[in-house]
Every structure is written in C-alpha cells, then in structure tokens.
Amino acid sequence: MPGGRLTHDERRQIAACVAEGLGYAEIARRLGRPTSTVSREVARNGGPGGYLADHAQQATGRRAGRRRPYRTVSPTVTHDFAERLAALMSGTGLPRMPSRVFVCLLTTESGSLTAAELAARLRVSPASVSKAIAYLHPLGLVGREPDPGGRRERYIVHEDSWLRAWTADTRAHDKVAEATRDGIEILGADTAAGVRLARMGRFFTWISEEMSSTVLTEPAVHNALTVLAALVHAARPLTVDELATALALPRERVADGLNALIQRPAIADPLTVLHASTGAYSVTTRPDRLTPAQRTALTTP
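How each quantity is defined
- Along each chain, the written sequence defines residue order, and numbers are assigned to residues from 1.
- Confidence filtering applies because this is a predicted model: local features only for residues at pLDDT of at least 70, side-chain atom pairs given and counted only at 80 or more, and all residues used for totals across whole chains, interfaces and linings.
- Calculated side-chain values reflect all of the structure's heavy atoms, with hydrogen atoms and water omitted.
- The secondary structure listing takes helices from DSSP runs of H or I that are at least 4 residues long and strands from runs of E that are at least 2 residues long, numbered from the N terminus.
- Under the scheme applied here, a residue whose accessible area is under 20% of the maximum for its type counts as buried, over 50% as exposed, and between as partly exposed, the area being computed with a 1.4 Å probe on protein chains only.
- Contact between two residues is taken to exist if any of their heavy atoms lie within 4.5 Å; hydrogens are not considered.
- Note that accessible areas follow from Shrake-Rupley with a 1.4 Å probe, and for residues the cover is restricted to the protein chains shown.
- Whether two strands pair depends on DSSP finding at least two bridges between them.
- Salt bridges are identified by distance alone: a Lys or Arg side-chain nitrogen within 4 Å of an Asp or Glu carboxyl oxygen.
- Whenever a helix is involved, its axis is fitted only over the stretch in contact; in every case the axis is a line through C-alpha atoms, and angles between N-to-C directions fall within 0 to 180 degrees.
- Only centres within 6.5 Å qualify two rings of Phe, Tyr or Trp (six-membered ring in Trp) as a pair; their planes then separate them into stacked at under 30 degrees, edge-to-face at over 60, and tilted for everything else.
- In a left-handed crossing the near helix is turned counterclockwise from the far helix by less than a right angle, and in a right-handed crossing that turn is clockwise.
- Nonpolar residues are Ala, Val, Leu, Ile, Met, Phe, Trp, Tyr, Cys and Pro. Charged residues are Asp, Glu, Lys and Arg, and all others, Gly as well, are polar.

Enquirer: I'd love a proper account of the overall build of the chain, names of residues and values included.
Expert: When its secondary structure is counted, the chain shows 14 helices and 5 strands. The buried share of the chain, reckoned over its 301 residues, is 36%. In the chain, the share of contacts with a sequence separation of at least 24, taken over all contacts with a separation of at least 6, comes to 53%. Counting only carbon and sulfur atoms, one obtains 57% of the accessible surface of the chain, whose full area is about 17,700 Å².

Structural data, given as structure tokens:
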C-alpha cells in the first residue's frame, strides 16, 4: 500500500471518482489508499460537492508550510474535558459508552486508537469498547483500519464524521418518506389512513431536503441548476457526455450537477430527475406534488 502524501495525479483521480458519485471506500480501493485518507482529503478540501484537485493540491502545499504549535496538556485535564463532553453528547441521544469512545478518539492527537488502547484509557473492558464501536460504526462516526505491522484494527475518527452522520440521518428520513408513498398505494390516497400517510411523507421529505441542502456548496448548486435547465430545454433524455458537449462544460461538472439533483431533490422542486438504465437523464414532475386525483384531472380532456 503506498504511503506518504497524495500526489496531484491521485487528487485528480479522487475528483473524477467523487464526480461519478463513488463512495470513499471504492475510491480508496482504486488508489490503494486507506479509506480514511480519501475521506479526510475530500472533507478538508471542499467536501463532496466542492472538491477540486488543483485547489486541494495548492491548499495542501500551504498547510505543509505552517507548523502546528506544540502544547503540553495534563492527562487529567484532557480526561476531565473528555468526560464532560461525553456526558453532554449523551444528552443528545448518543448512549453513554459510545459517547465516551467517540470523544476519546476525538481528543487524541492522532484520532486513531486500538481497542486495547481505548479500553486502557477509558478503564473499561474490551467488550464494552467493542459494543460501542458496533454502535458508532454504522452511523459513520468511527471507521476501521488495519493496524500497520499487526493483526489488530485501529479505530479512527473521520474528519467528515459529522457529515457522514448527517447524511445517514438524511437517508433514513428518505426511506421513511418512500415507505409512506408505498403505504398510500396500498391503502388508497383517498382513505383516512392514506391522507395521514401523505402528511407524514411530506414532513419527512421536507426534513430530509432541509438537512440535505445544508451540505451543498454554491458551485454544486450552480452546476445542478445549469444541468436542470438544459434537460428542461432539451425536452428529451440526454447522457452525461451529451450534456457536457452541448453545455461546453467539463464532464466532471455535469456529473456533479446530476448527482446533486438526484441526491438533493429540493434543488429541482417541483421537478425531479430520472436516470434510465441506458445512462440517459430526463426530468418530470415530482410524484408528491400532485395527488392521483389531480393528475387524472389534469390529463383528462
């Protein structure tokens, strides 16, 4: 596995893969790098919607020229702060032990510890650490990496851990909204249960879209609206390459815009983008903006 800093060419590969919508694990596999290396690189250089290889290369050079200040902090002071922060996080709904494990990693200079190191620092059993990691990992708050030179795993805090957790919550709300639409089809849109489900679905859709809109950068929104306007004007399905050629834009920007439109429906409201198996994209009205009765009335002469 290659070590050292990312090269400019690797950053270009990351930018292209992010534009295609690939996950960090897949990008890392292609580069032969740890997943945390890729996630940290993207998080500190604009995030998924604003990562640009040239800007990331320049920013890394600037950061390399700055020396981090050295500070000696008493272990007791650090421990007391970590326990206080963990207690506050427990008040937000995160269980006590996962809170302690997460804050322990968060306040470690390397942001990386083994299960044995966590158990020793927190003075708990390895089993307690294992259960806490099992809770934190699916949320995206903690990642796993092989321990260099050993068979154990190291647990890490991603620099974009809050974005990961936020995104996971957004997907969960999306699934609830989708489930309510299934329920409306089963129970009937005009029934009392169907009406209640419709209200619930609109609420969860709104929550999801509000949460999603906060993580988009201005360039990503601009790309999305440009691509949306192109699809509306063309009034026919178009592939990424066809859009890039017609708009005279880099393929990466077009792919970024399409990805934003699909993952963040609020941008295109009241329209939505469809992706066909042929690879072409098209636009139509959102299914939740009109009831079945309204659609029928509008299409009946």
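Enquirer: Break down the pairing of strand E4 (residues 271–275) for me, citing the residues and quoting the values.
Expert: Taken residue by residue, a regular strand's side chains alternate between the two faces of the sheet. One ladder, built from 5 bridges, connects E4 with strand E5 (residues 281–285); its direction is antiparallel. The residue bridging Leu271 from the neighbouring strand is Thr285, located in E5. In this antiparallel pair of consecutive strands, E4 and E5, the connection spans 5 residues, and Gly279 shows a positive phi of 100°.

Enquirer: Which residues make up the pattern of salt bridges, and what values go with them?
Expert: As enumerated under the stated definition, the model contains 10 salt bridges in all. Glu10 is the salt-bridge partner of Arg33, the closest N and O atoms lying 3.0 Å from each other. Of this pair, Arg33 sits in the loop between helix H2 (24–31) and helix H3 (35–43) while Glu10 is found in helix H1 (residues 8–19), placing the two residues 23 residues apart along the sequence. Classification of Arg33 by relative accessible area gives buried; the value is 8%. Residue classification places Glu10 among the buried positions, given a relative accessible area of 10%. Across the pair Glu153 and Arg144 runs a salt bridge whose closest N-O atoms are separated by 3.4 Å. Here the salt bridges share partners, and the residues they tie into one network are Glu26, Arg29 and Arg30.

Enquirer: Which residues make up the sheet that holds strand E2 (residues 143–146), and what are the values?
Expert: Sheet architecture is open: 3 strands sit in the order E1-E3-E2, paired in antiparallel fashion. Only two strands of the sheet have a single partner each, and these edge strands are strand E1 (112–114) and E2. Adjacent strand axes in the sheet meet at a mean angle of 35° when their direction is disregarded. Alignment of E2 against strand E3 (residues 153–156), held across 4 bridges, turns out to be antiparallel.

Enquirer: I'd like a description of the packing of aromatic side chains, backed by residues and values.
Expert: On inspection of all chains with the given rule, the structure shows 1 aromatic pair. Taken together, a centroid distance of 5.5 Å and an interplanar angle of 85° make the contact between Phe203 and Phe204 edge-to-face. Given a relative accessible area of 44%, Phe203 falls into the partly exposed group.

Enquirer: Tell me what's going on with the packing of H1 against H2, and back it up with residues and numbers.
Expert: The N-to-C vectors of H1 and H2 enclose an angle of 145°; their axes lie 10 Å apart at closest approach. Along this stretch, H1 crosses H2, giving a crossing that reads as right-handed. Two secondary-structure elements touch here, H1 through Glu10, Gln13, Ile14, Cys17 and Val18 and H2 through Ile27, Arg30 and Leu31. Taken together, the residues that form the contact of H1 with H2 break down as 5 nonpolar, 1 polar and 2 charged.

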